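Analysis of the macromolecular model
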Amino acid sequence: MSANRLSGVFVACAGLLLLFLIIPANTETVDYGRMRPQTIPDLCAILLVAFGVLHAIRPRGEVAIEWREVWRFALFATIAAVSLFLMGRFGFPVIAPVTALVVMLLIGERRPVWLATGALIIPAVVWLVVVQLLERTLP
Amino acid sequence: MPDMDVLLAGLSDAFSLVNLLFVIAGVIVGQFVGAVPGIGPVMAMAIAIPFTFFMPTLPAIAFLVGVNKGGLFGGAIPAILMNTPGTPDAAATALDGHPLAKQGKPVKATKMALYSSITGDTFSDIVLITISAPLAVLALKMGPVEIFALMIFAFSVIAGLVGDSMVKGVIAAVFGLLCATVGIDPEHGTPRLYFGFFELFDGLPLAAVAIGMLAVSEILRRLASAGSTPRSAITSLDGDDPTVSRVSWAEYWSCRYVMARGAVIGTVLGAIPGIGSTAAAFMSYASAKQASDEPESFGKGNIKGIAAAESANSAVMGANLIPLLVIGIPGSIAAALLISAFKIHGIQPGPLLFEQQGRLIYGLFGAMILANATNLIVGQFSLRLWTRVISAPESVIFSSALLLCIVGVYMSTGGLFGVAVMLVFAVVGYVMNVFGFPVVVFIIAFFLGGSFETYLTQTMVILDGDLTRMIDYPIAVALVVLALISVWWLGFRKKG
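Residue numbers restart at each chain and count upward from 1, following the sequence in its written direction. Chain letters start at A and ligand numbers start at 1, both assigned in the order the entries are written. Residue-level local features of this predicted model are given only where pLDDT is at least 70; pairs of side-chain atoms are given and counted only at 80 or more, and the full residue set underlies all totals for whole chains, interfaces and linings. Excluding hydrogens and water, the side-chain figures rest on all heavy atoms present in the structure.

Going by an unreviewed UniProt entry, chain B carries the name Tripartite tricarboxylate transporter permease and comes from Flavimaribacter sediminis.

Where an unreviewed UniProt entry is consulted, chain A appears under the name Tripartite tricarboxylate transporter TctB family protein, with the organism given as Flavimaribacter sediminis.

Along its length, chain B carries 22 helices and 2 strands. Relative to its length of 496 residues, chain B is compact, with a C-alpha radius of gyration of 22 Å against a globular reference of 23 Å. C-alpha atoms of chain B, sized along the principal axes, occupy 75 × 55 × 45 Å. In chain B, which comprises 496 residues, the proportion classed as buried is 62%. Any pair of residues with heavy atoms lying within 4.5 Å of one another is described as a contacting pair. Put simply, of all contacts in chain B between residues at least 6 apart along the chain, 80% involve residues at least 24 apart. For every accessible area listed, the method is Shrake-Rupley and the probe measures 1.4 Å; residues are considered covered only by the protein chains on display. Total accessible area computed for chain B in this model is approximately 17600 Å², and 67% of it derives from carbon and sulfur atoms. Averaging the positions of the 25 positive and the 28 negative side-chain charges in chain B gives two centres separated by 11 Å. We count a stretch as a helix when DSSP gives it H or I for four or more residues in a row; a strand needs E for two or more, and each element gets its number in order from the N terminus. Atoms counted for the radius of gyration: C-alpha only. Globule rule: 2.2 Å times the number of residues to the power 0.38. The buried label goes to any residue with under 20% of its type's maximum accessible area, the exposed label to any with over 50%, and the partly exposed label to all in between, with areas taken from a 1.4 Å probe on protein chains only. For the purpose of counting charges, residues Lys and Arg are taken to be positive, whereas Asp and Glu are taken to be negative. His and the chain ends are not included. Charge positions come from single atoms, namely NZ of Lys, CZ of Arg, CG of Asp or CD of Glu.

The next subject is the interface of chain B and chain A. With 62 residues of chain B in contact, the opposing surface of chain A contributes 64 residues. Two parts placed together each lose some accessible area under a 1.4 Å probe, and the buried area is that loss summed for both. Summed over both sides, the interface of chain B with chain A buries roughly 5600 Å², with 77% coming from carbon and sulfur. Looking only at chain B, the three residues that lose the most surface to chain A are His188(B), Leu403(B) and Tyr430(B), adding up to 11% of its buried area. Any carboxyl oxygen of Asp or Glu that lies within 4 Å of a side-chain nitrogen of Lys or Arg is treated as forming a salt bridge with it. In this assembly, chain B and chain A are joined by 1 salt bridge. In this structure, Glu69(A) and Arg221(B) form a salt bridge, with 3.9 Å as the shortest nitrogen-oxygen distance. Here a polar contact is recorded for every N or O atom pair within 3.5 Å, except that within protein the pair must consist of a potential hydrogen donor and a potential acceptor, and residues adjacent in sequence are included only if both atoms are side-chain atoms. Connecting chain B to chain A are 8 residue pairs in polar contact (both at pLDDT 80 or more). Only helix H9 (166-180), strand E2 (191-192), helix H10 (206-225), helix H19 (394-413), helix H20 (416-434) and helix H21 (439-462) of chain B provide two or more residues apiece to the side of chain B that touches chain A. A per-element tally of the side of chain B that touches chain A places H19(B) first, with 11 residues.

Moving on, we get to a nonpolar patch on the surface. Residues Leu120(A), Ile121(A), Val125(A), Val129(A) and Leu133(A) make up a contiguous nonpolar surface patch of roughly 470 Å² in combined accessible area. As for its placement among the helices and strands, Ile121(A) is situated in helix H5 (residues 112-133). Exposure above 30% relative accessible area and the lack of any salt bridge qualify a residue for a patch; like charges then connect within 9 Å, and the nonpolar side chains Val, Leu, Ile, Met, Phe, Trp and Tyr within 5 Å.

The next thing to look at is helix H15 (residues 303-327) of chain B. Residues and elements named next belong to chain B. Over its 25 residues, H15 extends 38 Å from the first C-alpha to the last, a length consistent with the 36 Å expected when each residue adds 1.5 Å. Note that the bend at a residue is defined as the angle between axes fitted to the seven residues ending at it and the seven residues starting at it. Along H15, the sharpest kink reaches roughly 30 degrees, centred on Met317. With respect to burial, H15 is a largely interior element, 23 of its 25 residues being buried. Helix span, expected: 1.5 Å multiplied by one less than the number of residues in the helix.

All names here are of chain B. In this analysis the probe radius is 1.4 Å and the grid spacing 1 Å, with only protein atoms considered; a cavity is a set of points the probe fits into but cannot get out of, a pocket is an open set with protein on both sides within 12 Å along at least five of seven lines, and lining residues have an atom within 4 Å of a point. Grid points are joined across faces, edges and corners, and a volume is the space filled by probe spheres set on the points. Taken as a whole, this structure holds 1 cavity of 30 Å³ or more when the rule is applied. By volume, the largest cavity is sized at about 40 Å³. Elements with a contribution of two residues or more to the lining of the largest cavity: helix H16 (333-344) and H21. It is H21 that provides the largest number of residues to the lining of the largest cavity, a total of 3 residues.

What follows covers the domain arrangement of chain A. As far as domains go, chain A holds domain 1 (3-57) and domain 2 (67-133). Each domain's extent was defined by an automatic or database domain assignment. Its C-alpha centre places domain 1 of chain A at a distance of 38 Å from the equivalent point of domain 2 of chain A.

On to the packing of aromatic side chains. Residues and elements named next belong to chain B. Planes of paired rings set the category: under 30 degrees apart is stacked, over 60 is edge-to-face and the rest tilted, where pairs are Phe, Tyr or Trp rings (Trp by its six-membered ring) whose centres lie within 6.5 Å. On inspection of all chains with the given rule, the structure shows 19 aromatic pairs over all chains. Judged by centre distance (5.4 Å) and plane angle (45 degrees), the rings of Phe148 and Phe452 are tilted. Of this pair, Phe148 sits in helix H8 (residues 144-161) while Phe452 sits in helix H21, placing them 304 residues apart in sequence. Residue classification places Phe148 among the buried positions, given a relative accessible area of 9%. The exposure class of Phe452 is buried, given its relative accessible area of 8%. Centre to centre, the rings of Phe425 and Phe442 are 6.1 Å apart; their planes meet at 35 degrees, and the pair counts as tilted. Taken together, the positions of Phe425 in helix H20 and Phe442 in helix H21 put the pair 17 residues apart, joining distant regions of the chain. Among the residues examined, Phe442 registers a relative accessible area of 0% and is labelled buried. Taken together, the ring pairs connect Phe175, Phe425, Phe442, Phe446 and Phe447 into an aromatic cluster.

When two cysteine sulfur atoms are found within 2.5 Å, that pair is recorded as a disulfide. According to the stated counting rule, one finds 0 disulfides over all chains in the structure shown. The closest cysteine sulfur to the non-disulfide-bonded Cys179(B) is located on Cys44(A), 9.1 Å from its own sulfur.

The subject of this paragraph is the confidence of the model for chain B. On average, residues of chain B score 85 in pLDDT, and 94% of them are at 70 or above. pLDDT is a residue-level measure of predictor confidence that goes from 0 to 100. Of all helices and strands in chain B, the one with the weakest mean pLDDT is helix H11 (residues 242-245) of chain B (68), whereas H20(B) scores best (95).

Side chains that differ in sign of charge can pair as their charged atoms come close. Residue and element names in this part refer to chain B. According to the stated counting rule, one finds 11 salt bridges over all chains in the structure shown. Linking Arg192 and Glu453 is a salt bridge whose minimum nitrogen-to-oxygen distance equals 2.9 Å. Of this pair, Arg192 sits in strand E2 while Glu453 sits in helix H21, placing them 261 residues apart in sequence. Under the relative-accessibility criterion, Glu453 is labelled buried at 6%. The shortest N-O distance in the salt bridge between Glu218 and Arg221 comes to 2.9 Å. In this pair, Glu218 and Arg221 are both assigned in helix H10, 3 residues apart and thus about one turn of the helix distant.

Closest axis-to-axis distance for the helix H4 (residues 92-106) of chain A/H19(B) pair is 9 Å, and the angle between their directions is 145 degrees. The chirality of how H4(A) crosses H19(B) is right-handed. Of H19(B), the residues touching H4(A) (which contributes Phe92(A), Ala96(A), Ala100(A), Val103(A) and Met104(A)) are Ser395(B), Val396(B), Ser399(B), Leu403(B) and Val407(B). Tallied by class, residues from the contact of H4(A) with H19(B) come to 8 nonpolar, 2 polar and no charged. Between N-to-C directions, angles cover 0 to 180 degrees, with each direction set by a line fitted to C-alpha atoms, over the stretch in contact for helices. In this scheme, a crossing is called left-handed if the near helix is turned counterclockwise away from the far one by less than a right angle; it is called right-handed if the turn is clockwise. Each residue receives one of three labels: charged for Asp, Glu, Lys and Arg, nonpolar for Ala, Val, Leu, Ile, Met, Phe, Trp, Tyr, Cys and Pro, and polar for the others, Gly being one of them.

In structure tokens, the structure reads:
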């Protein structure tokens, strides 16, 4: 089964999951009015099932997955998530330079001037603008 | 006819010093990000929106308009000098721009792009200014039933035109609508799909979703693919012969028909939601080539090719705002981002804008004209600077952009929860892109989801729950029929 067709199956399954599990469990029901709180979410879920099935039967377009890019995307997304978590504990001034440095090193930057620019100067400028100039807080 | 005092007040706001400074800043930022391949004005607008939260309304909108206009021209610079379009819109510009640069005339190519971009953009702005108010008067005559039908029609056109599959477009639109239902139900006041997170009672934060899907998703993708493809060589401006580097009046005037045709194509396509500037640029380029006496010179450095592409892709910008201001439906992703900026400042786009916020709208029109003039002046003097920007390392650009996204969403949502939502939608956006589900359609549907539900509720009340009574509303019936025809034409016939 091609990835394109599989995406249709996934959408249809997600629609079913929404329709029978997620929407009923996370929507407070009301028995009056023309439009109930779950009407639009239910309608969306039904359409997702219908069009997901349609796409699984007659997939259109091309899907080319570059697995190297996918894995590296997952790596950078994880780094962003971890730095977000750490930012909540240690703050932007500590974690932002480290995050920028790790990201730059991972994509192959080795020139000291550019590393210093990205990891020290840019976070410092952001901090100055937001905290000192705009008088807003940072994590 | 607008009140003259409102019009003059709006224009005086537009030409105030503060507004002028924000327009200049927006144009500079736009040209800068347009010149950097991979960022582009849409990502810059998404990142900038949270920072405009703290500005007065008109300077905030004017700044974003400046970013968009500057970015449209900025995208042409790497297209001409590196054969790598900074934005997809500039791909057609590279067809003749890069060969001309390789012939030793990079400055002439870039200046032609600048002049034709300003020409197309100004034409489109004049059309917007002229027709949007009368159209808004017509739109005000429509009731909830007609507007609901109009939204169905707009969704069907956008889903059919964007991407390579109608079904994928519909799935993206439905997913966008579903995400818009998160939070308190507008009719009953009961929470929906909040998964125990009380932060979601107000719905998914607009800025977090937009920045996640449009900016962070692309930044992480660029980081993931960094180093896998070598960067193209930059054609140096230093080798340009000063005697041939300027665009003479005769050369500009010789392109008048090409630019006029491009501006009309861009304006017409821009007014239709979902088509976009890339299609306009290629269509204008093809028609200029077809109409030319020497079509074989196209693709080999003909300045008319540059003029055709740039006038059309820039003309789309002003026209994109016609459906946004007239009926509250964005014609493009940039217009959708402007909706979020309007909403952040407590303004609901749509025909009532001309009645309730006339001063702001005429201020916006003034700022657009101002941005065109600024674009011309900044573009004239900063060309050599932007060629340095093109050579800045991706490592610094994308790591800085990531930090700005985190900070921007933190400021606009007031906590790390919003930043987490942004990250989740960055992953969602990437997955949608990989499988060919159009993110643009998702964003537009998400932004319009609240209004869609409101109009559907009102329609159901008016029709007493019986949709067959829609027959009493001929305009609504016509729009629904048009929606069905567009689904058939765009979905099944055109795309096979």
